[in-house]
Amino acid sequence: MILQRRNRITRKSAAIRALVAETVLTPDDFILPIFITEGNGVVEEISSMHGYYRRSLDKTLEEVAVIWAMGIKAVLLFVKANDDTKDNAGRESWNPEGLMQRAIKAIKNKVPEMVVMTDVALDPYSVYGHDGIVDVEKGTILNDATVEALTKMSLSHAAAGADFIAPSDMMDGRIGAFRNALEENNFSDVGIMSYSAKYASCFYGPFRDALDSAPGFGDKKTYQMNYANRIEAINETLQDVEQGADIVMVKPAMAYLDIIREVKNAVTVPVSAYHVSGEYAMIKAAAEKGWLDEDKAIIESLTSIKRAGADLIATYFAKDAVRILNGK
Ligand code: PBG
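If you're wondering where the values come from, they're calculated on a predicted model, not measured in any experiment.

The rules behind each value
- Residues numbered from 1 in each chain as written.
- Predicted model: local features only at pLDDT ≥ 70, side-chain atom pairs only at ≥ 80, totals over all residues.
- Heavy atoms only, no water.
- Phe/Tyr/Trp six-rings, centres within 6.5 Å; stacked < 30°, edge-to-face > 60°.
- Helix = DSSP H or I, 4+ residues; strand = E, 2+ residues; numbered from the N terminus.
- Buried < 20%, exposed > 50% of the residue type's maximum accessible area, 1.4 Å probe, protein only.
- Lys NZ or Arg CZ within 6 Å of the ring centre and 35° of its normal.
- UniProt positions renumbered as here; feature names shortened; annotations may be inferred.
- Polar contact = N/O pair within 3.5 Å; in protein donor to acceptor, adjacent residues only side chain to side chain.
- Contact = heavy atoms within 4.5 Å.
- Pairing = 2+ DSSP bridges.
- Near = heavy atom within 4 Å.
- Areas by Shrake-Rupley, 256 points an atom, 1.4 Å probe, with all protein chains shown as cover.
- Nonpolar A, V, L, I, M, F, W, Y, C, P; charged D, E, K, R; others polar.

Colleague: Describe in detail the packing of aromatic side chains, supporting the description with residues and values.
Modeller: In this structure the tally under the stated criterion is 13 aromatic pairs. Where Phe35 meets Tyr52, the ring centres are 5.9 Å apart and the plane angle is 80 degrees; that geometry is what we call edge-to-face. Of this pair, Phe35 sits in strand 1 (residues 30-37) while Tyr52 sits in strand 3 (residues 49-56), and the two are 17 residues apart along the sequence. Looking at Phe35, the relative accessible area reads 1%, which means it is buried. Ring pairs connect the aromatic residues Phe35, Tyr52, Phe78, Tyr195, Phe207, Tyr274, Tyr280, Tyr316 and Phe317, which therefore count as one cluster. Over the ring of Tyr204 we find Lys251; its NZ or CZ atom is 4.5 Å from the centre of that ring. A cation sits over an aromatic face here: Lys251 above Tyr274, 4.8 Å from the ring centre.

Shown next as structure tokens:
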């Protein structure tokens, strides 16, 4: 055959493939989620997330030093609150001496350059396991009262030294409320990474085991988005940008690559994607059975998420990915 174009020429060797690769992962792409629990010397494996741990603050600090040395530059903090601190209003969430606030301070103290991002939602602190305050009679989630509570929570994270607050609650009007509150309270350099298009997803299951935060009744479908919808994600994201979000997020990632791409095309702020707990668990479980090559599945998944348009990826595989990228 005489062909004018032979596409296989640029696939001929590993060197050529590397030269023409459109998407290249680096450690700068990753945000590592971290689960923190009360106590000392605690390192507990999460039953539905093999190889992933909840740590007390002392052990978390050791881990943060390790991951900084590996080249990971951002952590996203979650805490497991003790049952006796939980109520409907989530009061513990803005306790200046709470576990989250102590953790932010200690991490910034230990590794000042580490970018500290903090989850903002009431679920770990709620007796009902919901992201917002429950109207107990109606069994509904109160939007405006929740935004008020979350504003206090956000300010307490800023006061403790957080670089970015990361609201994952999906209440209406929260980004504008947080931005105003940060401005008014002299935290104008604190950023907002908004979970803008967060879907009501079964893939959060293992995370809820990790923090003991599964909803006690009902589900989260009145605030998290319906996975059947696409245009709604653009609507949510554009509103968050208008209200002052510095980084927007799509969550989960692998089943939502189309949304990541559309959001990327619609906004001019950085886009992040959350490769969530269930996505981690799927790869781990298949690899444990010998059905998938774990390292290859990790890199292919994360590269696909970046190719779809994610500038940043929150992933439980961040450490593995850096190890693999370094050829170890
Ligand atoms: C809580 C929150 C959740 C996740 C991040 N923040 C769970 C939920 O909304 O129920 C999920 C993360 C994951 O599954 O890895 N607002």
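Let's pick the thread back up.
Colleague: So what's going on with the UniProt feature "active site" (unreviewed entry) in the protein chain? Which residues, and what values?
Modeller: Using the residue numbers shown here, the UniProt feature "active site" (unreviewed entry) corresponds to Lys198 and Lys251. A maximum C-alpha distance of 4.9 Å among these annotated residues, which run over 54 residues, shows that they cluster at one spot. Judged by relative accessible area, which is 5%, Lys198 ranks as buried. Looking at Lys198, its side chain comes within polar contact range of the main-chain oxygen of Ser168, at 3.0 Å. On the basis of relative accessible area, Lys251 is assigned to the buried category, the value being 8%. Among all residues touching Lys251, those that are not within four sequence positions of it are Tyr195, Ala197, Lys198, Tyr199, Tyr204, Tyr274 and Val276.

Colleague: Before we move on, can you summarise the pairing of strand 2 (residues 43-46) with the specific residues and values?
Modeller: Bridge count between strand 2 and strand 3: 4 bridges; the pairing is antiparallel. Pairing of Glu44 across the sheet is with Arg54, part of strand 3. A loop of 2 residues connects strand 2 with strand 3, the two strands running antiparallel in sequence.

Colleague: Report on the site of the ligand, specifying residues and quantitative values.
Modeller: Around the ligand lies a shell of 18 residues, among which Lys198, Arg208, Lys251, Ser277 and Tyr316 are the nearest. One of the side-chain nitrogen or oxygen atoms of Asp131 is found 3.0 Å away from a nitrogen atom of the ligand. Between the ligand and Lys251 there is a distance of 3.4 Å, counted from a nitrogen atom to a side-chain nitrogen or oxygen. In isolation the ligand offers 400 Å² of accessible surface; the protein chains occlude 100% of this area. Among the residues forming the shell around the ligand, the class breakdown is 8 nonpolar, 3 polar and 7 charged.

Colleague: Lay out the side chain of Lys108 in plain terms, naming residues and giving numbers.
Modeller: Looking at the secondary structure, you find Lys108 in helix 3 (residues 99-110). Using a relative accessible area of 19% as the deciding quantity, one classes Lys108 as buried. Excluding its chain neighbours within four sequence positions, the residues that come into contact with Lys108 are Met114, Val116, Gly161 and Asp163.

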